[in-house]
Each structure stands twice: as C-alpha cells, then as structure tokens.
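Now for the letters of each chain:
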Amino acid sequence: MGAALNAAAAMDAYTLSDRGTWLNFRNKAGLAIRLEGDRRLLNRYDVILLDKRRHPEAKQAPAHSLADWLASADGQAAIAAYTIAGERLFHPEADAKP
C-alpha cells in the first residue's frame, strides 16, 4: 500500500488506501483524502474459526478464546480505542458508526 501511495504522490494521481497505511505514510507530498466514510469503502475484518474435524492440528482453545474476547465488551472497547496519530482506525461491530 505504501508503494501505491508513493506512486500516486509521484504522478499526482489518485489511489485507494487503508487508514492505517495513510496515517503512517510520511511522503504525502500533495496527496489529500478526497473521500472517506462511504459504506461502500468498508473494509471488514472477521474471525473465522476452523472446523476441528477438518483441522485437528489447529489450536482450537486459544482461537476460541480470542474470538470470544474480540466479541466481548472489553474486546470491542479495545478495538474502538486503537488509534494512530490520535485517529481511530477501527469501528467495532458494536459501534453503529462505520
């Protein structure tokens, strides 16, 4: 993603970027955010637990613990509190704002 932002900066062009890369990117040159907050740009992250019959080698207990924590009030609060340069990166499922 950083390479795409570098190319856009060099060519005075447009590109799509995730917020984390954008906030950490140092070579912004003349780049600026033109569109944000559109639901069509939603970038979901999901937890998918493996079927223990098909993947018996998987560490099921820690995976379930992580999934349970992410869905808990504490996990949702931790996701919501994650920031870079004072800007929130993620909006957990419990948060109505995209």
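Above this note sits the structure.
Please read these numbers as outputs of a predicted model, since none were measured by experiment.

Draft legend 1. Main features of the environment of Pro 56. Note that Pro 56 resides in the loop between α2 (19–24) and α3 (60–71). Overall, Pro 56 belongs to the exposed group, its relative accessible area being 62%. Separated by 17 residues in sequence, Pro 56 and Arg 39 place their C-alpha atoms 38 Å apart.

Draft legend 2. Expanded view of the nonpolar core. With nine residues, the main nonpolar core is built from Leu 5, Ala 8, Ala 9, Trp 22, Leu 23, Phe 25, Leu 31, Ile 84 and Leu 89. The set of elements that each furnish at least two residues to this core consists of α1 (2–11) and α2. By residue number, the principal contributor to this core is α1, which donates three residues. Ignoring any residue separated from it by four or fewer positions in sequence, one finds Ala 8 in contact with Ala 13, Tyr 14, Thr 15 and Leu 31.

Draft legend 3. Representation of the pattern of salt bridges. With the rule as written, the count across this model stands at five salt bridges. Here Arg 19 makes a salt bridge to Glu 36, at a shortest N to O gap of 2.3 Å. A residue pair is termed long-range when its members are at least 10 positions apart, and Arg 19 in helix α2 and Glu 36 in the loop between α2 and α3 qualify at 17 residues. Residue Glu 36 is classed as partly exposed on the basis of its relative accessible area of 47%. Among the salt bridges present, the one from Asp 51 reaches Arg 53, with a minimum N-O distance of 3.0 Å. The exposure class of Asp 51 is partly exposed, given its relative accessible area of 29%. Each member of the salt-bridge network shares a partner with another, and the members are Arg 19, Glu 36 and Glu 87.

Draft legend 4. The arrangement of the packing of aromatic side chains in detail. Applying the stated criterion to the full structure yields two aromatic pairs. With centroids separated by 5.7 Å and ring planes inclined at 90°, the aromatic side chains of Tyr 45 and Phe 90 adopt a geometry described as edge-to-face. With Tyr 45 in the loop between α2 and α3 and Phe 90 in the segment after β2 (87–88), this pair connects stretches of sequence that are 45 residues apart. Of the residues examined, Tyr 45 reaches a relative accessible area of 63% and is grouped as exposed. Relative to Phe 90, the ring of Tyr 82 has its centre 5.9 Å away and its plane inclined at 35°; by these criteria the two rings are tilted. In this structure an aromatic cluster arises from ring pairing among Tyr 45, Tyr 82 and Phe 90.

Scoring rules and cut-offs
Residues numbered from 1 in each chain as written. Predicted model: local features only at pLDDT ≥ 70, side-chain atom pairs only at ≥ 80, totals over all residues. Heavy atoms only, no water. Helix = DSSP H or I, 4+ residues; strand = E, 2+ residues; numbered from the N terminus. Buried < 20%, exposed > 50% of the residue type's maximum accessible area, 1.4 Å probe, protein only. Core = buried A, V, L, I, M, F, W, Y, C linked by side-chain atoms within 4.5 Å. Contact = heavy atoms within 4.5 Å. Salt bridge = Lys/Arg side-chain N within 4 Å of Asp/Glu carboxyl O. Phe/Tyr/Trp six-rings, centres within 6.5 Å; stacked < 30°, edge-to-face > 60°.

The analysis is restricted to geometry; functional conclusions fall outside its scope.
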